[in-house]
Amino acid sequence: MSVFMEDLDAFTYRERLASGNRLVIVPVGSVEQHGPHLPLTTDVMLARAMSARLAKAVGGLVAAPILYGYKSQQRSGGGNHLGGTTSLDATTMISIARTLTHEFARHGAERLVFVNGHFENYQFLYEGVELATAELSSRGRSSTSQRLEAMLLSYWDFVDQGTIDEIYAGSFPGWDVEHGGVLETSLMLHLHPELVDLSRVMDLPPADLPRYDLLPVRSELTPASGCLSSAARASEGAGQLLMERTTAALARAVEDAFALERNNVALVATSS
Ligand SMILES: [Zn+2]
């Protein structure tokens, strides 16, 4: 049985939402260049795959994703000047998060989880969800309906140090420059190998960017690949490990945050 909202008719969607734990997971991505070897919608594909595994583990539905994201920044995504990168401004991003929170509350969701896959989105998602939950709470003072709690996270924060050591063997460049690098490329090799072209990886040293932003950007500061670190060490095996451990950690966090029963942890058990 599919966990994806896009696969369900409205009647089934309403039944599943009402009969389950009223949890909706919203994947959030971007349309952003990821170098010559990964597709533009890598972030949303990864967030959606994580969301699906999470939904199966904790019981819940995966909303149609927020496909576009906030502007790519030079120090975390290569920059918004690059062709292919197609971004929303902050007010649009905030508005989408706020509107969707209200929409899922209207459907009867009581728990929302935003699974972010694009570094730059986070604070604008936070703002939109904060505004909506405050509005719902103040409405809730006169009515018991539309009680909703939301959780926000970026999936890479659930990759533990042991996994980082195992995969990067001392060469971890930091999450901000993990753009089109080992993490995303390995996950894509595991999930969508047909969309990855390893022969096109540009094996360049990690980007050496200043500790400040310059606007307009100086395009020469972004490596020629558009990636901020090399994907040369990426592998399908690393992707599988990342997927299993990250979604297991995500599931535990969601269960803890919402005091859900740990019903099927085996589904995302790691091989170790
Ligand atoms: Zn990405």
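As shown above, the structure is provided for reference.
These lines cover the structure that appears in this document, whether it is placed above or below. Note that the structure is predicted; figures quoted are calculated from it, not measured. (Residues numbered from 1 in each chain as written. Predicted model: local features only at pLDDT ≥ 70, side-chain atom pairs only at ≥ 80, totals over all residues. Heavy atoms only, no water.)

Concerning the nonpolar core
With 44 residues, the main nonpolar core has Leu-54, Val-113, Val-115, Leu-183 and Val-254 as its most contacted residues. Residue contributions to this core peak at 10 residues, all from helix α2 (residues 42-58). Dropping the residues within four chain positions of it, Val-254 is found in contact with Leu-23, Leu-54, Val-58, Val-113, Met-151 and Leu-260. (Core = buried A, V, L, I, M, F, W, Y, C linked by side-chain atoms within 4.5 Å. Buried < 20%, exposed > 50% of the residue type's maximum accessible area, 1.4 Å probe, protein only. Helix = DSSP H or I, 4+ residues; strand = E, 2+ residues; numbered from the N terminus. Contact = heavy atoms within 4.5 Å.)

Describing the coordination of the zinc ion
Protein coordination of the zinc ion is provided by His-34 (NE2), Asp-43 (OD) and Glu-184 (OE), with donor distances spanning 1.8 to 2.0 Å. Positions of the donor residues of the zinc ion, expressed as sequence spacing, correspond to H-x8-D-x140-E. Linking His-34 in the loop between β1 (23-28) and α2 with Glu-184 in helix α7 (residues 182-191), this pair joins segments that are 150 residues apart in sequence. Judged on exposure class, the residue His-34 and its partner Glu-184 are both buried. (Donors = N, O, S within 2.8 Å, 3.2 Å for Na, K, Ca; no water.)

Observations regarding helix α4 (residues 90-107)
Because each turn of an α-helix spans 3.6 residues, side chains separated by three or four positions in sequence point in the same direction. Between its first and last C-alpha atoms α4 spans 26 Å; for 18 residues at 1.5 Å apiece the expected length is 26 Å, and the two agree. Next to the buried residues of α4 lie α1 (10-19), β1, β3 (111-116) and α5 (122-140). At the exit of α4 stands Gly-108, carrying a positive phi of roughly 105°. (Expected span 1.5 Å × (residues − 1).)

Here we look at the sheet that holds strand β2 (residues 61-62)
Each strand in a sheet pairs with another by means of backbone hydrogen bonds, the pair being arranged parallel or else antiparallel. Across the sheet, four strands lie side by side as β2-β1-β3-β4; this open sheet has parallel pairing. Two strands lie at the open edges of the sheet, namely β2 and β4 (149-154), each paired on one side alone. Here β3 pairs with β4 via six bridges, running parallel. Paired with Phe-114 across the bridge in β4 is Leu-152. Sitting on the sheet, α2 touches β1, β2 and β3, and the angle it makes with β1 is about 165°. Seen against the sheet, helix α8 (residues 236-257) touches β1, β3 and β4 and runs at an angle of roughly 155° to β4. (Pairing = 2+ DSSP bridges. Axes fitted to C-alpha atoms, helices over the stretch in contact; angles between N-to-C directions.)

Shape is all these values report; function is a separate question.
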